[in-house]
Amino acid sequence: MDIFAKRLKERAADLGISNAQAARLCELDERRYANYANDQREPDLMTLAKIARVLNTSADHLLGLTDPPPQTARARLLDRLNVAAAALTDEELRTIVTQTEALAIPRPKKTGKKIPPISGV
């Protein structure tokens, strides 16, 4: 099942993570995951479903039955964010959401004008 090993490696690369990180996200032993990624073993159905879910893709894609639609650079970044966020605890996720919301607040555009100091202070 060479296509599965190839797609597994590609998916980790798409997400900007190593195979070891992918294994940890999937809660699999790194050696076991490496066996899948190196085409030395094939996962059982439940493990395949778990890997696909955690890596935010489909089992059909990993098995080479379908091709994913082309993604924009922004869509790839959002995909990476979703996979990383799924691995966080609720408290960590709350912190990240708060930080992300703060970054998303529109800021006034800089005009290049200097703001005069407040007199009398």
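Quick notes on the rules
- Residues numbered from 1 in each chain as written.
- Predicted model: local features only at pLDDT ≥ 70, side-chain atom pairs only at ≥ 80, totals over all residues.
- Heavy atoms only, no water.
- Salt bridge = Lys/Arg side-chain N within 4 Å of Asp/Glu carboxyl O.
- Helix = DSSP H or I, 4+ residues; strand = E, 2+ residues; numbered from the N terminus.
- Buried < 20%, exposed > 50% of the residue type's maximum accessible area, 1.4 Å probe, protein only.
- Core = buried A, V, L, I, M, F, W, Y, C linked by side-chain atoms within 4.5 Å.
- Contact = heavy atoms within 4.5 Å.
- Polar contact = N/O pair within 3.5 Å; in protein donor to acceptor, adjacent residues only side chain to side chain.

## Here we look at the pattern of salt bridges
Moving on, step 1. Inspection of the entire model under this criterion finds 6 salt bridges.
Moving on, step 2. Between Lys-50 and Glu-27 there is a salt bridge; the shortest N-O distance is 3.3 Å. Here the residue Lys-50 occupies a position in helix H4 (residues 45–54), and Glu-27 occupies one in the loop between helix H2 (19–25) and helix H3 (30–37), the gap between them amounting to 23 residues.
Moving on, step 3. According to the relative accessible area criterion, Glu-27 is exposed, its value standing at 65%.

## Description of the environment of Val-97
Moving on, step 1. Assignment of secondary structure puts Val-97 in helix H7 (residues 90–104).
Moving on, step 2. On a C-alpha basis, the gap between Val-97 and Ala-85 in space is 9.5 Å, while along the polypeptide they are 12 residues apart.

## Some thoughts on the nonpolar core
Moving on, step 1. Counting 18 residues, the largest nonpolar core has Leu-8, Cys-26, Tyr-33, Ile-51, Leu-55 and Leu-62 as its most contacted members.
Moving on, step 2. If one sorts the elements of this core by residue count, H4 sits on top with 4 residues.
Moving on, step 3. Residues within four places of Leu-62 in sequence aside, it is in contact with Ile-3, Phe-4, Arg-7, Leu-8, Leu-48, Ile-51, Ala-52 and Thr-57.

## Re the environment of Ala-102
Moving on, step 1. In this fold, Ala-102 is placed in helix H7.
Moving on, step 2. According to the relative accessible area criterion, Ala-102 is partly exposed, its value standing at 37%.
Moving on, step 3. Along the primary structure Ala-102 and Ala-85 are separated by 17 residues, whereas in three dimensions their C-alpha atoms are 17 Å apart.

## A few points about H3
Moving on, step 1. Turning to H3, its buried residues number three or more, namely Tyr-33, Asn-35, Tyr-36 and Ala-37.
Moving on, step 2. At its buried positions, H3 is contacted by helix H1 (2–14), H2 and H4.
Moving on, step 3. Backbone nitrogen of Arg-31 and a side-chain oxygen of the N-cap are separated by 3.0 Å at the start of H3; the cap is Asp-29.
Moving on, step 4. Just beyond H3, the residue with positive phi is Asp-39, at close to 60 degrees.

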